Amino acid sequence: KQWYQRRVRDFKLEFEDGTFRNTDGVQTRVPGFGKSRTLDYSDNHHLLSYYKPLVDALLKVEGAVEDVTVRSAPFDYRYSAPSDVNTKFQSRLKGLIEETVLKNGGKKVVLISHSLGGPTTSTFLHSMTQDWRDSNIDSWVSISGVFGGALKVVKAMVSHGVMDQLPNIISDRFVHRRVARTIQGNYYMLPRRPVYTGSDVLLRTPNRNYTVDNLEQMFVGMGVTNGPEMLGTVKNSSYLGDPGVPVHCFNGKDIKTTSSYYYTKQRDFPDEIPTDIWGDGDGTVPRRSLKVCHGWQSTCSVQEYSGEKLGEHGKILDNPAFIQHIVDIVTDAKKTSCTDKCGSTPVDNLTL
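Conventions we followed
- Residues numbered from 1 in each chain as written.
- Predicted model: local features only at pLDDT ≥ 70, side-chain atom pairs only at ≥ 80, totals over all residues.
- Heavy atoms only, no water.
- Buried < 20%, exposed > 50% of the residue type's maximum accessible area, 1.4 Å probe, protein only.
- Helix = DSSP H or I, 4+ residues; strand = E, 2+ residues; numbered from the N terminus.
- Pairing = 2+ DSSP bridges.
- Salt bridge = Lys/Arg side-chain N within 4 Å of Asp/Glu carboxyl O.
- Contact = heavy atoms within 4.5 Å.
- Axes fitted to C-alpha atoms, helices over the stretch in contact; angles between N-to-C directions.
- Parallel < 35°, antiparallel > 145°, perpendicular 65-115°, else oblique.
- Left-handed = near helix turned anticlockwise from the far one by under 90°.
- Nonpolar A, V, L, I, M, F, W, Y, C, P; charged D, E, K, R; others polar.
- Disulfide = S-S within 2.5 Å.

Peer 1: Let's hear about the pairing of strand β4 (residues 109–114): which residues, and what values?
Peer 2: Among the six residues of β4, six are classified as buried, and the element is accordingly described as predominantly covered. Burial along β4 is two-sided: Val109, Leu111 and Ser113 facing one way and Val110, Ile112 and His114 facing the other are all buried. Examined bridge by bridge, β4 and strand β5 (residues 137–143) share six bridges and lie parallel to one another. For histidine 114, the partnering residue across the bridge sits in β5 and is isoleucine 143.

This is how it looks when you write it as structure tokens:
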């Protein structure tokens, strides 16, 4: 347990002079950038499949070449725009896309993102000129995008930490909570306007209701004195508008998902675990957040999967129907229904 907690503490960030950085003595490397198989698993022991079923299918598409036509762009989720680390990632992503287009005879790229990759990709696209987008991006497949934030992040930062299902013999939720409160990416994923308004209660206590309008006060009440400043680093980051490329939106629905939390006793805030108020979503992201991409003018298709087996936040990537949809997009089999927005040129290049 002590070894595990030391590793968790190495994961946290320091915040000084308005800037996030690694803990002293910790260096971060992102291996496998540009390779096909980098995101197959979410763990080093290859026990937890992530993109593997999708990558397997894409590499079977006629003309696919490993590390040439299907490529990965992993990033350090702890940092978000506009941090220097995220800015460097965006520069590497731009270079990877341009290299992939060049290596494949000028064929444009299909971008594929999942979860936090949604707002990260949107931020990247908004930083590019329309001419660049038109020249390099065929379309973007957004899967379970956290565009308006997720209530689970509120719980992680208030009481529960980032790993809420591990037994205490392995993990201490208060250790994880301390770490969660240092991660810029968590502040980035908090519910935000205009998806949420001041009338939407995110966390209720007997003494106060917390909404997007007074999240700073929530952090002060939690004893995180620099929380308002950390929140301020991402509060004006905009990624909710139309990205200027054809978009295919995929997400789950009809799954019990937290829409708010409450405490019945003031003394329980913030150390005890709050009670969930349930709503609709994919089990992690509320549906109102997932649906942001549904309303973009550039969106040419929307596919929602009902129920946990097919549409849950992570399980959607294993859904055979979803995988076939992506293969169809790549091979142009289903583009005819949105030709005006998506075009009809076959696409061979993917960046995950």
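So that's the structure; there's more coming.
Peer 1: Describe in detail the pattern of salt bridges, supporting the description with residues and values.
Peer 2: Any two side chains of opposite charge can pair, given that their charged atoms come close. Taken as a whole, this structure holds 18 salt bridges when the rule is applied. Between aspartate 40 and arginine 37 there is a salt bridge, and its shortest N-O distance comes to 3.0 Å. Accessibility expressed as a relative area gives 31% for arginine 37, which makes it partly exposed. Several salt bridges share partner residues, and in doing so they unite Arg37, Asp40, Lys52 and Asp56 into one network.

Peer 1: Lay out the sheet that holds strand β6 (residues 203–204) with the relevant residues and their values.
Peer 2: The four strands lie next to each other as β7-β6-β9-β10, forming an open sheet whose pairing is mixed. Taken across any chain shown, the strands that pair with only one partner, and hence form the sheet edges, are β7 (209–210) and β10 (275–281). Relative to β7, β6 runs antiparallel, the two sharing two bridges. Bridge pairing links arginine 204 to asparagine 209 in β7. On top of the sheet, helix α6 (residues 151–160) reaches β6, β9 (255–262) and β10; it is set at about 45° to β9, its chief contact.

Peer 1: I'd like a description of the packing of α6 against helix α7 (residues 173–180), backed by residues and values.
Peer 2: It is the contact of α6 with α7, at a shortest axis distance of 7 Å, that shows an interaxial angle of 120°. What the angle tells us is that α6 and α7 run oblique. Where α6 crosses over α7, the handedness of that crossing is left-handed. Mapping the contact onto sequence places Ala156, Met157, Val158, Ser159 and His160 in α6 and Arg173, Phe174, Arg177 and Ala180 in α7. For the contact of α6 with α7, a count of residues per class yields five nonpolar, two polar and two charged.

Peer 1: Can you explain the pairing of strand β8 (residues 247–253)? Please cite residues and give values.
Peer 2: Across the seven residues of β8, six count as buried, placing the element largely inside the fold. Relative to β8, β5 is paired through four bridges, and the arrangement is parallel. Pairing of tryptophan 140 across the sheet is with valine 247, part of β8. As paired strands, β8 and strand β11 (residues 299–306) are joined by seven bridges and run parallel to one another. If you follow glycine 252 over to β11, its bridge partner there is tyrosine 305.

Peer 1: Just give me the short version of the state of the cysteines, but keep the residues and values in it.
Peer 2: As used here, a disulfide is simply a covalent bond connecting the sulfur atoms of two cysteines. Under the defined criterion, the tally for this structure stands at one disulfide. A disulfide bridge connects cysteine 249 with cysteine 293, and the sulfur atoms are separated by 2.4 Å. Highlighted residues: cysteine 249 in strand β8 and cysteine 293 in the loop between α11 (287–290) and β11, separated in sequence by 44 residues. Overall, cysteine 249 belongs to the buried group, its relative accessible area being 1%.

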